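The residues making up each chain are set out below.
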Amino acid sequence: MAVDIEQLRRDGHRVEKWSIGWMVLSLALWGWFGYRLLTDEEQEFGGYTDDSYALVGVLALAVIPTIIAAATAVYSRVLFRLARQAKGS
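This text gives an overview of the structure that appears in the document. Keep in mind that this is a model prediction, so the values were computed, not measured.

1. Digging into helix H2 (residues 50-88)
Relative to the 57 Å expected for 39 residues at 1.5 Å per residue, H2 spans 58 Å between its end C-alpha atoms, a close match to the ideal helical length. Taken together, the buried positions of H2 are Ser 52, Leu 55, Val 58, Ala 62, Pro 65, Ala 69, Thr 72, Ser 76, Leu 79, Phe 80, Ala 83 and Ala 86. For H2, the secondary structure elements touched by its buried residues are helix H1 (5-38).

Shown next, in the form of structure tokens:
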């Protein structure tokens, strides 16, 4: 089975670009979460307001792209490593 090294490298670069996009999105969402958290005026220990539930929603929205960004970054590294190993053999 012949491995196309150039195809692996192209796929690695494409996935790496997607990873950067996901990272930018997750950073924006984490910034939004931080802004909402710092501007929450009714922060009572153990008290929940409607804004507290919105914070949990923003947090959930920030975690999902962070996980996707990490997974795509690892996948692009795997593709680059496979291309390097195929070149050496």
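2. Comments concerning the environment of Lys 17
Mapped onto the elements, Lys 17 comes out in helix H1. With a relative accessible area of 64%, Lys 17 lands in the exposed category. Here the alpha-carbon distance between Lys 17 and Thr 72, two residues 55 residues apart in the chain, equals 9.2 Å.

3. A closer look at the pattern of salt bridges
Where charged atoms from two side chains of opposite charge approach closely, those side chains can pair. Summed over all chains, the structure comprises three salt bridges. Residue Glu 6 pairs with Arg 9 through a salt bridge whose shortest N-O separation is 4.0 Å. Separated by three residues within a single helix, Glu 6 and Arg 9 lie in helix H1, roughly one turn from each other. Classification of Glu 6 as partly exposed rests on a relative accessible area of 44%. Take Arg 9: its relative accessible area is 39%, and that puts it in the partly exposed class.

4. Examining the packing of aromatic side chains
On inspection of all chains with the given rule, the structure shows one aromatic pair. Seen in terms of ring centroids, Trp 30 and Phe 33 are 5.9 Å apart; in terms of plane orientation they differ by 90°. Their pairing is edge-to-face. Of this pair, Trp 30 and Phe 33 both sit in helix H1, three residues apart, which is roughly one turn of the helix. Classification of Trp 30 by relative accessible area gives partly exposed; the value is 34%. Residue classification places Phe 33 among the buried residues on the basis of a relative accessible area of 15%.

5. Re the side chain of Ser 26
Residue position: Ser 26 is located in helix H1. Taking relative accessible area as the criterion, Ser 26 reaches 6% and is therefore assigned buried. If sequence neighbours within four positions are ignored, Ser 26 has contacts with Ala 62, Pro 65 and Thr 66.

Reading guide: rules and limits
Residues numbered from 1 in each chain as written. Predicted model: local features only at pLDDT ≥ 70, side-chain atom pairs only at ≥ 80, totals over all residues. Heavy atoms only, no water. Helix = DSSP H or I, 4+ residues; strand = E, 2+ residues; numbered from the N terminus. Expected span 1.5 Å × (residues − 1). Buried < 20%, exposed > 50% of the residue type's maximum accessible area, 1.4 Å probe, protein only. Contact = heavy atoms within 4.5 Å. Salt bridge = Lys/Arg side-chain N within 4 Å of Asp/Glu carboxyl O. Phe/Tyr/Trp six-rings, centres within 6.5 Å; stacked < 30°, edge-to-face > 60°.

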